[in-house]
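Fold and geometry: a report
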Amino acid sequence: MEAPPGTVSAAVREHLRQLCLHEFPCGTGSWNKSRFLPQTRRTWRELVPREEVAGGPGEETVEDLQGLVSSPHSPWALLEGSSAEDRFLRQLAIQNPLLLKDAFFYSYFRSLRVVDEQVSLVDKDLLKFSKLEELVLSANHIVEIDAVNLPPTLKVLELYGNSVTSMECLCARPPPALQHLGLGHNRLLGPLQSLYVTDRHWPNLISLDLGFNDLTDLQGMVASLRTLQRLRLLVLQGNPLALVPYYRGFTIDSLARLCVLDDLIVSPSEKHQFRGLSHSGEFLAREAQFAVTIGNVRGVLDTSVLDPEPGPQGPFITYSYYVTYHFMEDEESEGSGFVEVLTEVVQPAPSMERLGEEVPEEPAATAAAVAEEAEGSPESVPTTTSQSAEMGESMVSGRSTPLPGSIDSAEELAKLRPRIDPQLCPSPGTVLFSTVHKPWADVIHCNYEMQHTLRDLVPLKAFLLAGTTVTIVEEKITSWVVAPTSVENPLTAKKGRGEKNKKETEHSKEGKDRNNKAAAKEQKGSKKKRELPKELHHDPPILRVLGSGLVALEPLLAGEPLVSTVCNFGVIRTVQSDRLTLFRDSKNKKGKKGVETGKPKSKAPPLAVFESDYQPEPLTVEVQIQLNQYRSTEEALRTLVV
């Protein structure tokens, strides 16, 4: 059984060698020399063991030898999980070792399992196994198979986890009696693969597994499978063609004799729900539809409580928070459900912004105004960046408000760009989508939903295997009050004169008892008149990643319609920061209540929550990604009308 390395025959020979069929306690030797005659003296009785005779102290009985190979504690025992064929050969090597020759092996084996043995070639010596019915060659390095070297008696052929790129090599002379063909987790690609799954090549095929390849032509594949009259079990999940929403219904209605599809029994109700869908196959769009939902974010650190109080001239610091995720970019989706335009990655705030007619009395009011401005951004702003972190673009839905035009000066634009964390740069071929910016809250409600329609299905499969990265981002914007200019704003002067005239009219009409009040109002109006409009300068936004993690999307390839998870990024809060946040919120709440009701302020609530066993809440975000699947023919045809 000599064979070159890397072949099936060489792997079988190596496996037999590892069974040690000619070594103690198997085979012949001093441990059983009295049971067998020398081959040179009586060749006609070489296969007949002699009757048990009292041997020397070095010989063992058959029962003792069998105990050595069957006991789990013996050093000669087989490894756990050994096949029944291996155990039988070990017993036979003790009872009649002279029987174990090449002719016996070729006629004995009906099943060969050569798994993960670095096999790359199916050689012609495999034809010597005259009774072989099952051949398992999974997890090897096979690219092509010469079907001429396959025994014609084969009924089961499994080639899972190899590198087969086409079924054409199997169709040169396929085994005529083959009933099961397993080609899952290979590299089958292209619409021509449907030409090799017809009854011309596999007339007796009952079970076919083509899962987790790169097949994209569902209509062509199903048309060829319809010729296999005996086909009852089919696996196509894991292929790009299984991502279209009508995949299961179209396949069930096209293959009326099918009993199991993707390991799920085809029920009579399913056949009824999808009846007639196969007649509309050419009108159904070959695209996948996803719905991404991002819910609540919890456990965000309120960074503002750690900042010092701003002075009259600033700095005024505002924080906003949002969630980003990566998804596939489909270049062919221009005519799909929404229109997309390219804009800058972040809308830069104007470098000079009017504060209004007066400087606010409380610096926090300015910070709140900036925060409200941040909230006014579009609900869904998908962004994409190149491999350089300095360049960026944004994909905005047609329903969103377009961002302003580009800035003329490249230097000014570079200054206004945010400091981007490398984790915010998507991989090539993907787009960075983000939720609306929200101010800090104990529970930040994102309320984000986005529909993705993708036509390039092969890269989509690779993306689902890799998963998407979900990131929680904190954006910090620092604002400064710019020194006022000497030019008086005409609008301010006009408003001041109007207020002065109003105060003078009121002063002439009111009595003596209101003189003090009118004088106070006039003084306040004069103060407003003297003040010049202030300008606010914004520093470039600073982006900080609070948490980032991978969301596995492979279940969507394996037939699951929904991936729902809560990403946990660990605890970033501290007891001290939570104590400061609670104290600030309680103080603001009491002050607001006292102003509204005029009642005396109540005592601060006890901080009993901060006990010795108190643990801050971890940073989490709720994420759902759903693959759209039609549940009936009516639902599928409704999309054609729309």
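Look a little higher up for the structure.
Summarised in this report is the structure supplied together with it. Think of each chain on its own: its residues are numbered from 1, step by step along the sequence as written. Two thresholds apply to this predicted model, a pLDDT of at least 70 for residue-level local features and 80 or more for giving and counting side-chain atom pairs, whereas whole-chain, interface and lining totals are computed over all residues. No hydrogens and no water enter the side-chain calculation; it runs on all heavy atoms of the structure.

Here's the deal with the sheet that holds strand β9 (residues 288-298)
What holds strands together in a sheet is hydrogen bonding between their backbones, with the strands either parallel or antiparallel. In spatial order, the strands read β16-β9-β21-β20; together these four strands make up an open sheet with antiparallel pairing. Strands at the two margins of the open sheet, each flanked by one partner only, are β16 (443-454) and β20 (562-568). On average, each strand axis in the sheet is tilted by 10 degrees relative to the strand beside it, whichever way the strands run. Strands qualify as paired when DSSP identifies two bridges or more between them. Note on conventions: DSSP H or I runs of at least 4 residues are helices, E runs of at least 2 residues are strands, and numbering of each starts at the N terminus. Here seven bridges tie β20 to strand β21 (residues 620-627), and the two strands are oriented antiparallel to one another. Bridge pairing in β21 links L562 to Q626. The contact criterion used is simple: two residues touch if any of their non-hydrogen atoms lie within 4.5 Å. Axis definition: a line fitted to C-alpha atoms, over the contacting stretch in the case of helices. Angles run 0 to 180 degrees between N-to-C directions. Where helix α10 (residues 457-466) meets the sheet, it contacts β9 and β16, and its direction lies at approximately 30 degrees from that of β9.

Thoughts on a nonpolar patch on the surface
Residues enter a patch when their relative accessible area is above 30% and they make no salt bridge; the linking distance is 9 Å between like charges and 5 Å between nonpolar side chains (Val, Leu, Ile, Met, Phe, Trp, Tyr). For the area figures, the Shrake-Rupley method with a 1.4 Å probe applies, and any residue is considered shielded solely by the protein chains shown. By salt bridge we mean one thing: a side-chain nitrogen of Lys or Arg within 4 Å of a carboxyl oxygen of Asp or Glu. Together, F283, L637 and L640 line one region of the surface with nonpolar side chains, adding up to about 270 Å² of accessible area. With respect to the helices and strands, F283 occurs in the loop between α7 (268-273) and β9. Each residue gets one of three labels from its accessible area relative to the maximum for its type: buried under 20%, exposed over 50%, partly exposed in between, using a 1.4 Å probe on protein chains only. Taking relative accessible area as the criterion, F283 reaches 55% and is therefore assigned exposed.

As for the side chain of S479
Assignment of secondary structure puts S479 in strand β17 (residues 468-482). Look at S479 and you get buried, because its relative accessible area is 0%.

Re unusual backbone geometry
At D116, a residue that is not glycine, the phi angle is positive and equals roughly 55 degrees. With respect to the helices and strands, the residue D116 is situated in the loop between β1 (111-113) and β2 (134-136). Relative accessible area serves as the criterion here: at 49%, D116 is assigned to the partly exposed category.

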